[in-house]
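Chain residues, written in single-letter form:
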Amino acid sequence: REAVQRMCDAMVHRGPDDHGLRVDGPCALGHRRLSIIDLRPEGAQPMTNEDDTVSVVVNGEFYNFLELRNDLEARGHKFKSRSDSEVALHLYEEYGVDFLDHLRGMFAIALWDAPQRRLVLARDRFGQKPLYYHADRKALVFASELGGLVASGSFEKRVDLDGIDAFIAMQYIPAPLTAYEGVKKLPMGHRLICENGVVHEPEPYYTLRFDETRPGSIEDLTHELREVLEEAVRIRLMSDVPLGAFLSGGVDSSLIVALMAIQSSQPVKTFSVGFPSKSFSELPYAKMVADEYETDHHEMIVEPNMASVVPQLVRHYGEPFADTSALPTWYLCEYTRKGVTVALSGDAGDEAFGGYRRYMHTRTSRAIHRMPWPLPQMAAGLLSHIPTPQAQEVRDYGERLMQPEHIRFLGLSAPIPHKDRMLMYTPPMRERFAEDQMAVLFERLFDESSAVDPINRVIDVDTQTYLTGNGLTKVDIASMAHSLEVRQPLIDHEVMEFAASLPGSMKLRGMTTKFLLREVAKDLLPKRILTRPKQGFSVPVDRWMREDLAPLSRDLLLDQSTRERGIFEPKAVENLLKKQQQGEPRGFQIWVLMILELWYRECLEN
């Protein structure tokens, strides 16, 4: 009881409205509540079934809970609340561990079946909600955040170097790895069952398939996709507290706002943040969409206070996480929470419908590889010798075209590739990671992919790694740190399944990304939104590392305690800092190293 109470106390920000704790034999369940649906005491958790033999805690939302409830009541189940979470109990009574198949939403679940002495842990299909766990001979402990898990005191905080190498390569740590030895992430779409004290290996209950192609003309598919998107937005508008939307001015968030406005009787509350530098601000585009749909629009310009906010970010993520867009996302969530408790966002549009540049590179490489020999080598060689201001980048691209798809993918998506890590690491680290563990992981994922279309193969792997490990983690931590729930219609499993059934030609057409999604948006958004270049939630990291953060980066990375960690060669770090000051764009690599050192200090050493 005391351990679980400490864990709940460490995660007050995830649920400031109420808390609950239930001990039933060998199982203790704790919950922090952010009240969204059924604000009455009856909606509190942990919840139990009619005879108190099954109990559950849920983080997240079930968007189809009303139809599930109606069906379960018709089957004789009795409900104590109007909460969406309660349906999990009765679904389990009806279907056993397969109850997860019936849920439509985002969730992490812990369900205790006392008569069976069975604990079921589960994470939603795409990992919108996190779930960390540690198991040894004494106990199985689990939490929504690493900080909550650490508060249990049930394990010693030891660094997992596999997790650290993965972070340095990818800017995040892919599941099931974490930064701590013996601590794992439950992968997306997986459940873990502990029965009679035996902890079984996690098993998938859902896999997104790419092996069926949906027939239909562009017009037919556009009409079908719009209907799917409208429903995904509609079911996410249910709330007993104020609700709004993020609005960046990009296609994805703008489309979500448009679909909300069409279905709402009141003006949609929209929220945007930008930076003082116009080249890094999308506020004019967001305002364009807000004016089009007469939203109740709120915007602010932020000048980040790095010294205070970056350590906060590091503490909340609980392990190294270096996506620089986490910073504006943090400010956006903080600002949005002042006006609403729930916000819809456009996350996952790029992964589902083909929005990243690396998908275009995949298509180019595929076309070159299909040329008769020796034309592929000649084309790649020609690219390698084109004189441009970005000569090195073009040469790397030419070399990459001839590599296996998993190596090519890593070259396009891993910010610090294996050869660069080998130059930075100390001899023991170089010896341990002489084989690129990320290459091994991604080769397996490509081999296991159900997709035949080369663009869909990359999207499949991206969904299992970058989307769940980076994009969704970023939004969950930043939003819940401010007690804000973010709902993401484009990650609805019916939207994702529709997208997975589309051939690559419906995602990339000529130089147009997200082709079919843009076809839907044509009738809904200003033309300027559809034709503007992709910008993303970017920050001026190179300028920061040369100016604002230059003293901090040197203080942190050249400090004696940093050198003694045994990860990086001090001379390599000094050279990296020197190159940045001389004008080479090494800001992101320095940022990765800074985040790692701050994690050691903030989380490992308190």
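The structure this text deals with has already been given above.
Just so you know, these numbers come straight off a predicted model, no measurement behind them.

Conventions and cut-offs
Residues numbered from 1 in each chain as written. Predicted model: local features only at pLDDT ≥ 70, side-chain atom pairs only at ≥ 80, totals over all residues. Heavy atoms only, no water. Helix = DSSP H or I, 4+ residues; strand = E, 2+ residues; numbered from the N terminus. Rg over C-alpha atoms; globule rule 2.2 N^0.38 Å. Buried < 20%, exposed > 50% of the residue type's maximum accessible area, 1.4 Å probe, protein only. Lys, Arg positive; Asp, Glu negative; His and termini not counted. Charge placed at Lys NZ, Arg CZ, Asp CG, Glu CD. Phe/Tyr/Trp six-rings, centres within 6.5 Å; stacked < 30°, edge-to-face > 60°. Expected span 1.5 Å × (residues − 1). Contact = heavy atoms within 4.5 Å. Pairing = 2+ DSSP bridges. Axes fitted to C-alpha atoms, helices over the stretch in contact; angles between N-to-C directions. Salt bridge = Lys/Arg side-chain N within 4 Å of Asp/Glu carboxyl O. Core = buried A, V, L, I, M, F, W, Y, C linked by side-chain atoms within 4.5 Å. Disulfide = S-S within 2.5 Å. Parallel < 35°, antiparallel > 145°, perpendicular 65-115°, else oblique. Left-handed = near helix turned anticlockwise from the far one by under 90°. Nonpolar A, V, L, I, M, F, W, Y, C, P; charged D, E, K, R; others polar. Right-handed = clockwise from strand over helix to strand, strands pointing away.

Engineer: Break down the overall build of the protein chain for me, with residues and values.
Structural biologist: Across its full length, the protein chain carries 27 helices and 17 strands. What you see for the protein chain is a C-alpha radius of gyration of 24 Å, in line with the 25 Å of a compact globule of 606 residues. Across its three principal directions, the C-alpha atoms of the protein chain cover 75 × 60 × 50 Å. Buried residues in the protein chain amount to 59% of all 606 residues. Across the protein chain, the mean location of the 71 positive side-chain charges is 4 Å away from that of the 88 negative side-chain charges.

Engineer: Account for the packing of aromatic side chains, with residues named and values stated.
Structural biologist: Under the defined criterion, the tally for this structure stands at 16 aromatic pairs. Seen from their ring centres, F126 and Y206 are 5.8 Å apart, and the 75 degrees between their planes marks the pair as edge-to-face. One end of the pair, F126, is in the loop between β6 (118-123) and β7 (132-135); the other, Y206, is in the loop between β12 (203-204) and α6 (218-234), with 80 residues separating them in the sequence. Ring centres of F155 and Y180 lie 6.2 Å apart, and the angle between their planes is 65 degrees; this geometry places the pair in the edge-to-face category. Taken together, the positions of F155 in the loop between α4 (146-151) and α5 (161-170) and Y180 in the loop between α5 and β9 (183-185) put the pair 25 residues apart, joining distant regions of the chain. Both residues of the pair, F155 and Y180, belong to the buried class.

Engineer: Report on α6, specifying residues and quantitative values.
Structural biologist: Look at α6: 24 Å from first C-alpha to last across 17 residues, which is about the 24 Å you get at 1.5 Å a residue. Summarising the contacts, the buried residues of α6 are in contact with α7 (251-263), β16 (342-344), α11 (349-353), α20 (493-500) and α21 (515-521).

Engineer: Describe the sheet that holds strand β13 (residues 243-246), with residues and values.
Structural biologist: As summarised here, the arrangement of the five strands in space is β15-β14-β13-β16-β17, forming an open sheet in which the pairing is parallel. Whereas interior strands pair on both sides, the edge strands pair on one side only; in this sheet they are β15 (296-301) and β17 (485-487). Here the average twist between neighbouring strands, direction ignored, is 30 degrees. The pairing of β16 with β17 spans three bridges and is classified as parallel. Residue L344 lies in a different strand from β17, and its bridge partner there is R487.

Engineer: Give me the lowdown on the pairing of strand β4 (residues 54-62), citing residues and values where you can.
Structural biologist: Across the nine residues that make up β4, a large majority, nine, are buried. The pairing of strand β3 (residues 47-48) with β4 spans two bridges and is classified as antiparallel. Residue T48 lies in a different strand from β4, and its bridge partner there is S55. Adjacent in sequence and paired antiparallel, β3 and β4 are bridged by five residues, among which D52 carries a positive phi angle near 60 degrees. Pairing analysis gives nine bridges linking β4 to strand β5 (residues 105-113), with the strands arranged antiparallel.

Engineer: Mind laying out the pattern of salt bridges, listing which residues take part and the relevant values?
Structural biologist: This structure, assessed with the given rule, holds 47 salt bridges. The salt bridge partner of R457 is E405, with a shortest N-O separation of 2.5 Å. Of the two residues, R457 sits in helix α19 (residues 454-480) while E405 sits in helix α15 (residues 405-413), which places them 52 residues apart along the sequence. A relative accessible area of 16% means that R457 is categorised as buried. Two residues, R543 and D548, come together in a salt bridge whose shortest N-O distance is 3.4 Å. Given a relative accessible area of 45%, D548 falls into the partly exposed group.

Engineer: So, the nonpolar core: which residues are in play, and what are the values?
Structural biologist: Counting 180 residues, the largest nonpolar core has F99, L103, I109, W591 and W599 as the members making the most contacts within it. With 13 residues, the single largest contributor to this core is helix α27 (residues 587-604). Among all residues touching W599, those that are not within four sequence positions of it are V159, I164, A179, Y180, V314, G318, E319, P320 and L604. Counting 15 residues, the second-largest nonpolar core is a separate cluster that includes C27, L29, W112 and L140.

Engineer: Residue-level account of unusual backbone geometry, with values.
Structural biologist: Following Q45, the chain continues into P46 via a peptide bond in cis, with omega recorded as 0 degrees. Take P46: it is sitting in the loop between β2 (27-33) and β3. Geometrically, the link from A175 to P176 is a cis peptide bond, its omega value of 5 degrees lying close to zero. Among the secondary structure elements, P176 is positioned in the loop between α5 and β9.

Engineer: I'd like a description of the side chain of S55, backed by residues and values.
Structural biologist: Assignment of secondary structure puts S55 in strand β4. On the accessibility criterion, S55 (2% relative accessible area) is buried. Not counting residues up to four positions away in its chain, the partners in contact with S55 are R22, L29, M47, T48, L89, A110, L111 and W112.

Engineer: Got a sec to walk through the state of the cysteines? Specific residues and values, please.
Structural biologist: Taken as a whole and assessed by the stated rule, the structure comprises zero disulfides. Unpaired in terms of disulfides, C194 finds its nearest cysteine sulfur in C27, a separation of 8.8 Å. With no disulfide partner, C333 has as its closest neighbouring cysteine sulfur the one in C603, 19 Å distant.

Engineer: Help me get a handle on the packing of α15 against helix α18 (residues 437-448), residues and values and all.
Structural biologist: Their axes nearest at 9 Å, the elements α15 and α18 cross at an angle of 120 degrees. The orientation of α15 relative to α18 falls into the category oblique. α18 is crossed by α15, and the crossing has right-handed handedness. Contact with α15, carried on its side by E405, H406, I407, F409 and L410, involves M438, A439, F442, E443 and F446 of α18 and no other residues of that element. Classifying every residue of the contact of α15 with α18 gives seven nonpolar, one polar and two charged.

Engineer: If you had to explain the pairing of β13 to someone new, which residues and values would you point to?
Structural biologist: Of the pairings in the sheet, the one linking β13 to β16 comprises three bridges and is parallel in character. The partner of A245 across the bridge, within β16, is L344. Pairing between β13 and strand β14 (residues 269-274): three bridges, direction parallel. Across the sheet, G244 pairs through a bridge with K269, a residue of β14. Where the polypeptide runs from β13 across α7 and back to β14, its parallel neighbour, the crossover connection is right-handed.

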